[in-house]
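Chains, contacts and geometry: an overview
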Amino acid sequence: MRSASTPAAPLAYVLEDRHLSSLLVLEEEAVRLRLPSALDPVGPQFPGVGRAVFSVILNRNPLSTRTAEPSATLARLVQAVLGDAALDVQLVPVAVLWGRAPKAQESLLRALFADAWASVGPLRQIAIILLHGRQTRVTFAEPVSLRRLVDDETDAATAVRKANRFLRFHFRRQRESAIGPDLSHRRNLIDAMMRSDEMQGAIAAEAQRLSIDRDAAERRARRFAWEIASDFSYPVVRSLELVLKQLWERLYDEVAIHHAAEVARVAPGKGLVYLPNHRSHVDYLLLSYFINAAGLAPPHIAAGANLNFPLVGPVLRRGGAFFLRRSFKGEPLYAAVFREYLHTMLVRGFPIAYFIEGGRSRSGRTLSPKGGLLGMTLESFMREHPRPVLLVPIWFGYEKLLEGRSLLAELEGKPKRGESLGDLVRVTRQLKRVYGRVDVNFGDPLSLDHYLDAEAPGWQALAGEARRDAARRLTVPLSRAMAERINAAVVINAINVYAMAIAGSPRYALDERALAQQIDWLRTLAQRLPHSDAAVVVAGEPVAVIAEALRLNLGERVAHPLGDVIRVPDAEVSALNYLRNNVLHAYALPALVASLLVGTRETTPDGVAEFVAAAQPFARAELMLRRTPDEAAEQARRILALFVELGLARAAPDGTVRAADRYSPEHAGLDLLARSLRHLLRRNYLTIALLTQVGSGEMTRARLDELMGMLTQRLSLLFEFAPADFYERATFASYVDSLVENGIVDEDEGGRLHLDERARLWKRSVERLLPADAVLAIRRVAVGHGPAEAPAPAPDAHT
């Protein structure tokens, strides 16, 4: 916006409604920003226009029988502009939203009287002013030339209607961005769904499948729709905001939001689909609360039907949750209803959120994505795309999980318990415990139409089975790309760094000075060579990091005359591995470089780059890394240079590089970093060794899963302690899924697995880096499943 002293065409402000309160707020803001007054005339060249302000009525009074006409002021402005080619006026739409200031609500009464879509009368408007006079969001849009809007029209009445439609659309878009689209009655939405051609076809197919009449099939479809659909309520959402604010203040020291402003800036006029990682049930609540607090419409969140239990389910449904069964198998009509519901929500512009991992991660790492909902979203957009859609990755990072013990128990093999009111009561008992801080980071959005333009040129012309085939083909790579974008938005907190530093030690204990030094090196790596542009490092100085770990009972100090030792309590070892795994991908490349330096006598920058490029497909499969092999190789060179600068490695005049002196603190630090990947490298080696010994194409996926579960458990018993995710079947299944998606392993129609040549070369490289006793242990447990291979030659002088 320009100040009052800037020469330009005269201004006319446009308000959404005719409330005097909105005009007064506009005038106050104009004075504060040194803009022209809304109460002054536009100018002498516009006769009959007494004030430089007019309004459009987005929601006409539902009790009125009169047709809403465009503003008389707008009509006079249009007539003047059409009558004189030299005239123009700059229209400045001003949105006034009561109760939508960035400050959170602090009163239940205020929450119930915040702005919504419904029209309000004078008494309710007075109540809104009294309650929200100091919590009002005022947005001045960029000026719009009236001449540009109407210059191609010759009829004044047509030109007025055109300008009015444009302004009404602008205000609708602003309001959608702030509070969400106008939500029709739930019954009306379901009725509209049932009338679609797709649903009519699905109902007919169901009637034929079950040999029932069409009316009975439609009743089944409607029951499914009522089971699925949210019952969004603005008052409930705003009331929940108050409850959640108190909950965050009791549970967490701080909840920090990163990069939300970037999303808010691009949101108007876009459909938003939020794709967060899934660590805790708290994710649902945090997501809605802080998207709403950022001035964006709270999303409708896909929730498992297991959360639809008494008391809790109805509240979640009114907060925007829509429910889905864990499996659609055997119910084609249910699948059709859910698909149509999701399509209806997307077409109408509702923000949506769901977890592409499918469930909460038990290991702490981002799981291989499930493409079901994302595939439906993609197909829906290809079928009908009234507005651009952005896929927004979101990272949730916790210092301590509220339900950490139950997740870890499931990881260790205990059966998952169903959610119930009893669980809710048990959780309330934990509210007095300390859980540190939470970080929510909005990553780099992906434009769905740009993605389709690049990957499926001409996609707009596809229809029917061709469109479905294209959507199926693109779902896996799109899911993978979004999982990588989620990981790219990593937030590295104090406990993540502490876990990375201490979890690699054999007894989960370190001298306090050595621990502080290791933390400092890890912070420097993350800050100097960030994992991505979206990554955030919030870990403080080493002393503060250690103090935070002690405060959260994730460490304990053991006094000793030669210097205190910090160790992890036995009961928290699994929790600490989980928190280390949260950010392991961000340290994967430094850990690979460290592994090479520790495992070889010397190397070169070219050797490091080649090694990391070869490792990248496997690290990417395991840890959802976004870099290409060439990008990883370049990053590896930078990591090596930083290692030399920090004293972790030594560069010789001939260009070779060695690890720091074997008995130095720097070498110990390098070895600790390398150890963070050692269990993953062992599992890599065991998987490939097993497949190569049996023979490519000779083992099925089911048999591999079975053998790996037994062999990894045996290794953990015979060799050394391994975290539970080392032998957890779901984690391994996710890893194999990633190998298949990345083309390293191919699964034929019979379910047999075929190895790519890259896997054999990588096996040789890993064998050189693992300790000899680890390689021997892996060979021993794998013996009997195929012919033995010749051992790899001893490490060369150069890699």
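Residues numbered from 1 in each chain as written. Predicted model: local features only at pLDDT ≥ 70, side-chain atom pairs only at ≥ 80, totals over all residues. Heavy atoms only, no water.

Since the α-helix turns once every 3.6 residues, residues separated by three or four places project in the same direction. Counting buried positions over the eleven residues of helix α23 (residues 573-583) gives ten, a clear majority of the element. The complete set of buried residues in α23 reads Val573, Ala575, Leu576, Asn577, Tyr578, Leu579, Arg580, Asn581, Asn582 and Val583. (Buried < 20%, exposed > 50% of the residue type's maximum accessible area, 1.4 Å probe, protein only. Helix = DSSP H or I, 4+ residues; strand = E, 2+ residues; numbered from the N terminus.)

In this section: the pairing of strand β11 (residues 389-398). When you tally the buried positions in β11, you get ten out of ten residues, the bulk of the element. Burial along β11 is two-sided: the residues Val389, Leu391, Pro393, Trp395 and Gly397 and Leu390, Val392, Ile394, Phe396 and Tyr398 are all buried. Note: β11 against strand β13 (residues 446-447), two bridges, orientation antiparallel. Among the inter-strand pairings, Leu390 is bridged to a residue of β13, identified as Ser447. In the sheet, β11 pairs with strand β12 (residues 437-442) via five bridges, with the strands oriented antiparallel. Among the inter-strand pairings, Phe396 is bridged to a residue of β12, identified as Val440. (Pairing = 2+ DSSP bridges.)

On the basis of which strands lie adjacent, the open sheet formed by three strands has the order β15-β18-β17 and antiparallel pairing. Of all strands in the sheet, those with a lone pairing partner are β15 (509-511) and β17 (556-558), marking the two edges. Shown here is a sheet whose adjacent strand axes are inclined to one another by a mean of 25 degrees, direction ignored. The pairing of β17 with strand β18 (residues 565-567) spans three bridges and is classified as antiparallel. Bridge assignment links Arg557 to a residue of β18, and that residue is Ile566. Set on the sheet, helix α20 (residues 494-502) makes contact with β15 and β18; between it and β18 the angle comes to about 105 degrees. (Axes fitted to C-alpha atoms, helices over the stretch in contact; angles between N-to-C directions. Contact = heavy atoms within 4.5 Å.)

This model, assessed by the stated rule, comprises 16 aromatic pairs. Residues Phe328 and Tyr334 carry aromatic rings whose centres are separated by 5.1 Å and whose planes lie at 70 degrees to one another, so their mutual orientation is edge-to-face. The exposure class of Tyr334 is buried, given its relative accessible area of 0%. Aromatic side chains Phe328 and Phe338 sit 5.5 Å apart centroid to centroid with 55 degrees between the ring planes, which places their arrangement in the tilted category. (Phe/Tyr/Trp six-rings, centres within 6.5 Å; stacked < 30°, edge-to-face > 60°.)

With that settled, the discussion passes to the pattern of salt bridges. One pass over the structure, following the stated rule, counts 43 salt bridges. Between Glu602 and Arg658 there is a salt bridge, with the nearest N and O atoms lying 3.0 Å from each other. Linking Glu602 in the loop between α24 (588-599) and α25 (605-623) with Arg658 in strand β20 (residues 657-659), this pair joins segments that are 56 residues apart in sequence. Relative accessible area serves as the criterion here: at 14%, Glu602 is assigned to the buried category. Residue classification places Arg658 among the partly exposed residues on the basis of a relative accessible area of 38%. Each of Glu206, Arg209, Arg220 and Glu331 takes part in a single network of salt bridges with overlapping partners. (Salt bridge = Lys/Arg side-chain N within 4 Å of Asp/Glu carboxyl O.)

Here we come to helix α26 (residues 629-646). With 18 residues, α26 should reach 26 Å at 1.5 Å per residue; the first-to-last C-alpha distance of 25 Å fits that figure. Of the residues making up α26, those classed as buried are Ala632, Ala633, Gln635, Ala636, Ile639, Leu640, Leu642 and Phe643. Residues of α26 that are buried sit in contact with α21 (512-528), α24, α25, β19 (649-651), β20 and α27 (665-675). The first or second residue beyond α26 is Gly647, which carries a positive phi of 85 degrees. (Expected span 1.5 Å × (residues − 1).)

With a phi close to 65 degrees, His259 is a non-glycine residue in the positive phi region. In this model, Asn553 sits at a positive phi of 60 degrees, which is unusual for a non-glycine residue. Tracing the chain through its elements places Asn553 in the loop between α22 (542-551) and β17.

Packing of α21 against α27 brings their axes to within 10 Å, and their N-to-C directions diverge by 60 degrees. Considering the relative orientation of α21 and α27, their crossing is right-handed. Two secondary-structure elements touch here, α21 through Gln518, Trp521, Leu522 and Leu525 and α27 through Pro665, Glu666, Gly669, Leu672 and Leu673. Its residues assigned to classes, the contact of α21 with α27 comprises six nonpolar, two polar and one charged. (Left-handed = near helix turned anticlockwise from the far one by under 90°. Nonpolar A, V, L, I, M, F, W, Y, C, P; charged D, E, K, R; others polar.)

This part is about the packing of α24 against α27. Between α24 and α27, the least distance of the axes is 8 Å, while the angle of their chain directions is 120 degrees. On the basis of the axis angle, α24 is oblique to α27. In this structure, α24 meets α27 at a crossing whose hand is left-handed. Contacts from Pro590, Ala591, Ala594, Ser595, Leu597 and Val598 of α24 reach α27 at Leu670, Asp671, Leu673 and Ala674. Here the residues of the contact of α24 with α27 sort into eight nonpolar, one polar and one charged. (Parallel < 35°, antiparallel > 145°, perpendicular 65-115°, else oblique.)

Attention shifts here to the confidence of the model for the protein. Chain-level pLDDT for the protein is 83 on average; 84% of the residues reach the 70-or-more range. Note that residues 58-67 has pLDDT below 50 and, in this model, 15 contacts with residues that lie over four places away or in other chains. Across residues 116-120 the pLDDT falls below 50, and counting only partners more than four positions away or on other chains, this stretch makes 21 contacts in the model. (pLDDT = per-residue confidence, 0-100.)

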